[in-house]
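The chain contents come next:
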Amino acid sequence: MDKLSQLKQRGSFVNVLILGSGGREHALVKALLQSPDVIQIHVIPGNDGIQMHALCHQINLQNPEELQTFVKQKQINLVVVGPEQPLCDGISDILKINNIPVFGPNKAAAQLEGSKIFAKNFMNKHKIPTAKSVTVKSVQNIEESMDQFQAPYVLKADGLAAGKGVAICNTKEELLVQADNYFNKNIFGEAGTTALLEQHLEGYELSCLVLTNGQRFQILPFIQDHKRLLDEDLGPNTGGMGTAGPVNIHSSLKDDIAQKIVIPTLEGIQNQSDFEYNGVLFIGLMVTEQGPKVIEYNVRFGDPELQCILPLLNGDWAEVFKSIASGDCPTLKWKPLYSACVVLAAEGYPENPVKGVPIEGDITHETPSSYFLYAGIKKDQDNKFYTNGGRVINSVGIGDSLQQAIENAYKQAQYIQWKNYQFRKDIGKKLLSPSKG
Ligand code: AMP
Ligand code: GLY
């Protein structure tokens, strides 16, 4: 009997569909390729780089019939959803009706990311530490409530705004300019017609990702993202310029995070009768002098947090995703390793990334402890690769120590370049200083 027939007889074969097109999704492909049970990996839409390792398809996710036909044709028996938009649009609900195991929460639960106001009400109801805030809908609302807050002021669009909906304003004048942008100029459309005015939290950020079946949970290794474009946390906010981890945090902080944040959040999720949560909850934390506080919930893996987490598992990710998607929550074991991911971004990122710039060097270079993940690249007829997005390529390094992992990621990065590309030179640097340990 051939491998496929054997696996089918065991019932363990996996034809997996991954939704998304970035470095996070390429990382998922890479991890799932290592599973002996995975037969085929399909990605919608993927990109020309991911296409070298998986089967990419252009399917309109807005059209449920098209998706259902695809899933049946390809005998998909596991869907892993990368980005938030399809989850907020209810893709899990559609797939579950068709009995397809899906890793990712239903539409009701995805509101934890889809509406900042929903999430804030949820946190307040369950007494989960977070920044004080008020809901605002007009410049006048802001004028009336801004005296309750101290500078800097944080203004957050309620809805999904492609990661750009947060403005941090140093003065009242700046806040009023932003209020005009949100409410009168409608820069975020519908997503920004209602917003939160929020107290700025001081501290350091930590990404806490929790796998859950809605009942039990597993906290994944803590990772540090680097949100600002430039070294020393300067410049504009981005989707994330690099990650490193695991962050070895003190056991008392770990306890605080579990007791004050993760457990009450999971209890809150259980109490919502309309939530079906089989997936990952990404809790963006600010560790302040008063303890950890929630900045935001995301209902999907972080990008590039996941790129650092995947290589650390001592086990089979396909089994983990299948298990969560079918309602279980496995106990995970981790390798004693560290990882780092450096994002190589296009000129003009995050505002106006320059596309179509030829990438020089060897994008297929890899070693046992470093490799590239393709995020925003495109191939022309001559098989030459070009930039095609803001975050273009991730350079990942693995090591026995954090220092080694970071070195490996930066060594790997030297194998490619393009005109005016940008990347941070200090990914993981703060974690190497004992004060953050
Ligand atoms: P969010 O989309 O909510 O993750 O916000 C994007 C980024 O804005 C966060 O990763 C933080 O760096 C920053 N941010 C958001 N809310 C706050 C806050 N209340 N205090 C300080 N920084 C914040
Ligand atoms: N790296 C942060 C995020 O995925 O939202």
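Refer to the structure presented above.
My aim in this report is to walk through the structure given alongside it, one point at a time. This one's a predicted model, so the numbers in the text were calculated from it and none came from an experiment.

What counts, and where the lines are drawn
Residues numbered from 1 in each chain as written. Chains lettered and ligands numbered in written order. Predicted model: local features only at pLDDT ≥ 70, side-chain atom pairs only at ≥ 80, totals over all residues. Heavy atoms only, no water. Axes fitted to C-alpha atoms, helices over the stretch in contact; angles between N-to-C directions. Helix = DSSP H or I, 4+ residues; strand = E, 2+ residues; numbered from the N terminus. Parallel < 35°, antiparallel > 145°, perpendicular 65-115°, else oblique. Contact = heavy atoms within 4.5 Å. Nonpolar A, V, L, I, M, F, W, Y, C, P; charged D, E, K, R; others polar. Near = heavy atom within 4 Å. Polar contact = N/O pair within 3.5 Å; in protein donor to acceptor, adjacent residues only side chain to side chain. 1 Å grid on protein atoms, 1.4 Å probe; cavity = no way out; pocket = protein on both sides within 12 Å on 5 of 7 lines; lining within 4 Å. Points joined across faces, edges and corners; volume = space filled by probe spheres on them. Expected span 1.5 Å × (residues − 1). Buried < 20%, exposed > 50% of the residue type's maximum accessible area, 1.4 Å probe, protein only. Disulfide = S-S within 2.5 Å. Pairing = 2+ DSSP bridges.

On to the packing of helix α6 (residues 107-114) against helix α7 (residues 116-125). Viewed as axis vectors pointing N to C, α6 and α7 meet at an angle of 95°, and their least axial separation amounts to 6 Å. Considering the angle they form, α6 stands roughly perpendicular to α7. Here Gln111, Leu112 and Gly114 of α6 lie close against α7, whose contacting residues are Lys116, Phe118, Ala119 and Phe122. Here the residues of the contact of α6 with α7 sort into 4 nonpolar, 2 polar and 1 charged.

Moving on to the site of ligand 1. Taken together, 15 residues are adjacent to ligand 1, and Glu198, Leu201, Glu205, Lys227 and Glu296 come closest. Within the contact set of ligand 1, a nitrogen atom lies 2.8 Å away from a side-chain nitrogen or oxygen of glutamate 198. Within the contact set of ligand 1, an oxygen atom lies 2.6 Å away from a side-chain nitrogen or oxygen of glutamate 296. Every element with two or more residues in the shell around ligand 1 is listed here: β7 (153-157), β8 (166-169), β9 (195-199) and β17 (291-298). A per-class count over the shell around ligand 1 returns 6 nonpolar, 3 polar and 6 charged.

Taken as a whole, the second largest pocket encloses approximately 370 Å³ of empty space. Forming the walls of the second largest pocket are 20 residues, and the residues nearest its centre are Gln34, Leu310, Pro311, Lys335 and Tyr371. Counting only elements with at least two residues in the lining of the second largest pocket, the list comes to α2 (23-33) and β20 (370-374). It is α2 that provides the largest number of residues to the lining of the second largest pocket, a total of 3 residues.

This paragraph deals with helix α13 (residues 402-413). Counted at 1.5 Å a residue, the expected span for α13 with its 12 residues is 16 Å, and the 17 Å between its end C-alpha atoms agrees. Restricting attention to buried positions, one finds in α13 the residues Leu402, Ala405, Ile406, Asn408, Ala409, Tyr410, Gln412 and Ala413. Buried residues along α13 sit in contact with β15 (242-245), β18 (338-345), β20, β23 (391-399), β24 (416-417) and α14 (429-432).

This brings us to the state of the cysteines. Evaluation of the coordinates by the stated rule reveals 0 disulfides. The closest cysteine sulfur to the non-disulfide-bonded cysteine 88 is located on cysteine 208, 20 Å from its own sulfur. Not part of a disulfide, cysteine 308 finds its nearest cysteine sulfur in cysteine 341, a span of 5.6 Å. For cysteine 308, a relative accessible area of 0% puts it in the buried group.

Further remarks concern the sheet that holds strand β5 (residues 102-103). Spatially, 5 strands are ordered β3-β2-β1-β4-β5 in an open sheet, and the strand pairing comes out parallel. Single-partner strands in this sheet number two, and they are β3 (55-56) and β5. Of the pairings in the sheet, the one linking strand β1 (residues 14-20) to strand β2 (residues 38-45) comprises 7 bridges and is parallel in character. Residue pairing in the sheet places leucine 17 in a bridge with histidine 42 of β2.

Moving on, we get to the side chain of glutamine 199. Structurally, glutamine 199 is set in strand β9. Of note is the side chain of glutamine 199, whose polar atom sits 3.2 Å from the backbone nitrogen of glutamine 150.

So, about the environment of leucine 78. Looking at where leucine 78 falls in the secondary structure, it is placed in strand β4 (residues 78-81). Here leucine 78 falls in the buried class, since its relative accessible area comes to 0%. Each C-alpha atom, one on leucine 78 and one on valine 16, is 4.9 Å from the other, the two residues being 62 residues apart in sequence. If we skip the residues at most four places from it in the chain, leucine 78 touches Val14, Asn15, Val16, Leu17, Pro101, Ala318, Phe321, Lys322 and Ala325.

The next subject is the sheet that holds strand β10 (residues 204-212). Taken together, the 4 strands give an open sheet; going across it, the order is β11-β10-β16-β17, and neighbouring strands pair in antiparallel fashion. A strand with exactly one partner marks an edge of an open sheet, and here the two such strands are β11 (217-219) and β17. Direction aside, neighbouring strands of the sheet carry axes that sit 30° apart on average. Pairing of β10 with strand β16 (residues 279-288), which is carried by 9 bridges, proceeds in the antiparallel orientation. Its bridge partner lying in β16, glutamate 205 is registered against methionine 286.

The subject of this paragraph is the site of ligand 2. Neighbouring ligand 2 are Asp225, Lys227, Gly239, Phe282, Asn298, Arg300, Gly302, Asp303, Pro304 and Glu305. Within the backbone of aspartate 303, one N or O atom sits 2.9 Å away from a nitrogen atom of ligand 2. One of the side-chain nitrogen or oxygen atoms of glutamate 305 is found 2.8 Å away from a nitrogen atom of ligand 2. The residue inventory of the shell around ligand 2, partitioned by class, reads 2 nonpolar, 3 polar and 5 charged.

Gaps left between atoms are located by rolling a probe of water-molecule size over the structure's atoms. For the structure shown, the criterion picks out 1 cavity of 30 Å³ or more. Computed from the structure, the largest cavity encloses a volume of approximately 80 Å³. The wall of the largest cavity is formed by Leu112, Glu113, Lys116, Ala119, Lys120, Met123, Lys156, Leu196, Glu198, Ile295, Glu296 and Tyr297. It is α7 that provides the largest number of residues to the lining of the largest cavity, a total of 4 residues. Here the lining of the largest cavity is built from residues that sort into 6 nonpolar, no polar and 6 charged.

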